[in-house]
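# Survey of secondary and tertiary structure
Next come the chains, spelled out residue by residue.
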Amino acid sequence: MKEELKLKDRLEKLKLENYKPLREIVFEHLREAILKGKLDPGQRLMEVQLAEQLGVSRTPVREAIRKLELEGLVIMLPRKGAYVADVSLKDIIEVLEIRGALEGLAASVAAERMSDEDIEKLELIFYQFKKSLEDGDIDMMVQKDIEFHDHIFSSTNNQKLIQINNSLREQVYRFRVTYISDYDTSKNLVKEHEDIIEAIYKRDSKLAMERAMHHIENAENFIIEKSRRKKES
């Protein structure tokens, strides 16, 4: 098993692999760290410290932080500096409520429009997700979960619906990692994904909608319960 690349080494690797400006590479690195929970909500982003860790000057770090602020992933506090933006329980519930309705609509339409080849691809993604669970590969599980849902949306051939889903993806990402990292939840996800595929395979649009919405409802219940336990501990 390869050793994990250090921040500075990884940055050098990224610079060799593409011709993006340094500020863009730093931005993408920090953005990924925030979305994957490697930088915690409320954590202060120190320009000097980050520049030293990444082996760059403060300028690309400063520019990256400003861009992250525009995306809502970082907040700037007067006389205090930059902090990783927190995501409130209310924010997550609101996003999941919208996503539940969208997932239900997408699954319903996909059940009517998805080709046999698209169903086969959905099944392949499902088995890859299941395999990644067996391997304990969280990153791959997250990737395949995204692919599973995105494939359903793309199979609707409704560009407006696809665009709306894309706009919500990053707002869900940080929560998605936490949700999938829970082993019991991940086992439930396998069954829920399988149930959605079955409904689509049967071309039962009503059942597909119900199962997709139930799938997201379970995610909402999980985060509410997790927040309750956190307050009690």
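Residues numbered from 1 in each chain as written. Predicted model: local features only at pLDDT ≥ 70, side-chain atom pairs only at ≥ 80, totals over all residues. Heavy atoms only, no water.

## Considerations on the pattern of salt bridges
Within the structure shown, the criterion is met by 13 salt bridges. In this structure, Glu 47 engages Arg 58 in a salt bridge whose closest nitrogen and oxygen atoms are separated by 3.3 Å. With Glu 47 in helix H3 (residues 47–54) and Arg 58 in helix H4 (residues 58–70), the pair connects residues that are 11 residues apart, well separated along the chain. By sharing partners, the salt bridges in this structure join Glu 47, Arg 58 and Arg 62 into a single network. (Salt bridge = Lys/Arg side-chain N within 4 Å of Asp/Glu carboxyl O. Helix = DSSP H or I, 4+ residues; strand = E, 2+ residues; numbered from the N terminus.)

## Some details on helix H8 (residues 159–181)
Taking 1.5 Å per residue as the helical rise, H8 with its 23 residues ought to reach 33 Å, and the 31 Å between its terminal C-alpha atoms agrees with that figure. Of the residues making up H8, those classed as buried are Leu 161, Ile 162, Asn 165, Leu 168, Val 172, Tyr 173, Arg 174, Phe 175, Arg 176, Val 177, Tyr 179 and Ile 180. Taking the backbone nitrogen of Lys 160 as reference, a side-chain oxygen 3.2 Å away marks Asn 158 as the first, capping residue of H8. (Expected span 1.5 Å × (residues − 1). Buried < 20%, exposed > 50% of the residue type's maximum accessible area, 1.4 Å probe, protein only. Polar contact = N/O pair within 3.5 Å; in protein donor to acceptor, adjacent residues only side chain to side chain.)

## Here's the deal with the packing of helix H7 (residues 138–154) against helix H9 (residues 183–201)
When two helices pack together, their arrangement is given by the angle between the helix axes and the distance between those axes. Between H7 and H9, the shortest axis-to-axis distance is 12 Å and the interhelical angle comes to 20°. On the basis of the axis angle, H7 is roughly parallel to H9. Pair H7 / H9 crosses with left-handed handedness. Facing H7, whose interface residues are Met 141, Asp 145, Phe 148, His 149 and Ile 152, H9 presents Ser 186, His 193, Ile 196, Ile 197 and Ile 200. Looking at side-chain class alone, the contact of H7 with H9 contains 6 nonpolar, 3 polar and 1 charged residues. (Axes fitted to C-alpha atoms, helices over the stretch in contact; angles between N-to-C directions. Parallel < 35°, antiparallel > 145°, perpendicular 65-115°, else oblique. Left-handed = near helix turned anticlockwise from the far one by under 90°. Contact = heavy atoms within 4.5 Å. Nonpolar A, V, L, I, M, F, W, Y, C, P; charged D, E, K, R; others polar.)

Take it as geometry only, folks, not as evidence of what the structure does.
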